[in-house]
Amino acid sequence: MSMLTPPGMGGKKFRVTGDRYPRMRPRRRRGRTFVVLIAGAAAFGLLGYGTLQLIDVFSGGDDGGRAPRAQAGARAGQDCTPAATSERLPEPAAITVNVFNATGRTGLAQETADALAERGFTIGEVANAPEEYDGRVEATGLLVGTAEAEESGAVTVLSTQLEGAETAEPRAPAEGEESPQVIDLMIGEEFTDLTAADEAERRLADLASPSASPTASPAC
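Residues numbered from 1 in each chain as written. Predicted model: local features only at pLDDT ≥ 70, side-chain atom pairs only at ≥ 80, totals over all residues. Heavy atoms only, no water.

Draft legend 1. Seen up close, the sheet that holds strand 5 (residues 182-187). Taken in spatial order, the 5 strands of this open sheet run 2-1-5-3-4, and their pairing is mixed. The open sheet has two edge strands with one neighbour each: strand 2 (122-128) and strand 4 (166-167). Pairing of strand 1 (residues 96-101) with strand 2, which is carried by 5 bridges, proceeds in the parallel orientation. Within the sheet, the bridge partner assigned to asparagine 101 lies in strand 2 and is asparagine 128. Its contacts with the sheet place helix 2 (residues 108-118) against strand 1, strand 2 and strand 5, and it is angled at close to 155° to strand 1. (Pairing = 2+ DSSP bridges. Helix = DSSP H or I, 4+ residues; strand = E, 2+ residues; numbered from the N terminus. Contact = heavy atoms within 4.5 Å. Axes fitted to C-alpha atoms, helices over the stretch in contact; angles between N-to-C directions.)

Draft legend 2. Spotlight on the confidence of the model for the chain. Predicted confidence across the chain gives a mean pLDDT of 74, with 54% of residues reaching 70 or more. In this model residues 212-220 is a low-confidence stretch, pLDDT under 50, and it forms 12 contacts with partners more than four residues away in sequence or in other chains. (pLDDT = per-residue confidence, 0-100.)

Draft legend 3. Representation of helix 2 within the structure. Residues of helix 2 that are buried: Leu108, Ala109, Thr112, Ala113 and Leu116. Buried residues of helix 2 fall within an arc of 125° about the axis and therefore sit on the same side. With respect to the buried face of helix 2, the exposed residues turned more than 90 degrees away are Glu111 and Glu118. On its buried face, helix 2 sits against strand 1, strand 2, helix 4 (154-159) and strand 5. Where helix 2 terminates, the next one or two residues include glycine 120, which has phi positive at roughly 100°. (Buried < 20%, exposed > 50% of the residue type's maximum accessible area, 1.4 Å probe, protein only. Arc of directions from axis to C-beta.)

Draft legend 4. Fine view of the pairing of strand 1. Along strand 1, 6 of the 6 residues are buried, which leaves the element largely enclosed by surrounding structure. Judged by which residues are buried, strand 1 turns out to be covered on both faces: Thr96, Asn98 and Phe100 on one side and Val97, Val99 and Asn101 on the other are all buried. Between the parallel elements strand 1 and strand 2, the chain passes through helix 2 in a crossover that is right-handed. Two strands pair when backbone bridges link them, and strand 1 and strand 5 are joined in this way by 6 bridges, in the parallel orientation. Its bridge partner lying in strand 5, phenylalanine 100 is registered against methionine 186. (Right-handed = clockwise from strand over helix to strand, strands pointing away.)

Draft legend 5. Region of the structure containing the environment of glutamate 118. Topologically, glutamate 118 is positioned in helix 2. Along the sequence, glutamate 118 and alanine 197 sit 79 residues apart, while their C-alpha atoms lie 9.9 Å from each other.

Here you go:
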């Protein structure tokens, strides 16, 4: 019996086998596994969102591409021509101006008529103002036209030539007036000269090309 054999064992040998002791399994790393799962889910979510965005872009917007084609263009029979901002104003040559001097200074009517003729206006009568206006116009001038002259824009065109001029109520057409675009210019006490030629030309250009945007028209 061996010295290493405990007493009473009868000399039996005991073998140590692997199934006699609990197996030592490696410790599970749950924290790292959880982080990996979260990261994978986030990446999958971003990928899915990006895919949906691409589908939305190529399918034509929020309606998923199911909008009728008629919404993308003009409807049948719809007028898409932009509305005009204003009617075409008459040229100075189409406007006849009667120049009357309502002041006590001599020669103003003829001088003003000559200056307006150089700027393209057609000159009619040149004389002293009628009694009802003589000495009663305090502004630089008073523009008296027919209703047709106002509606056509002739009064507006002439007003660009005289700063501070006032406009009277429309008058009835005078006997023998063939053109409706006839305006009486009563030169007043504050008159010194016509508006500078370059400034008057700029104002005319502004009238011809107004900066106001046209009236909104249906989407086309």
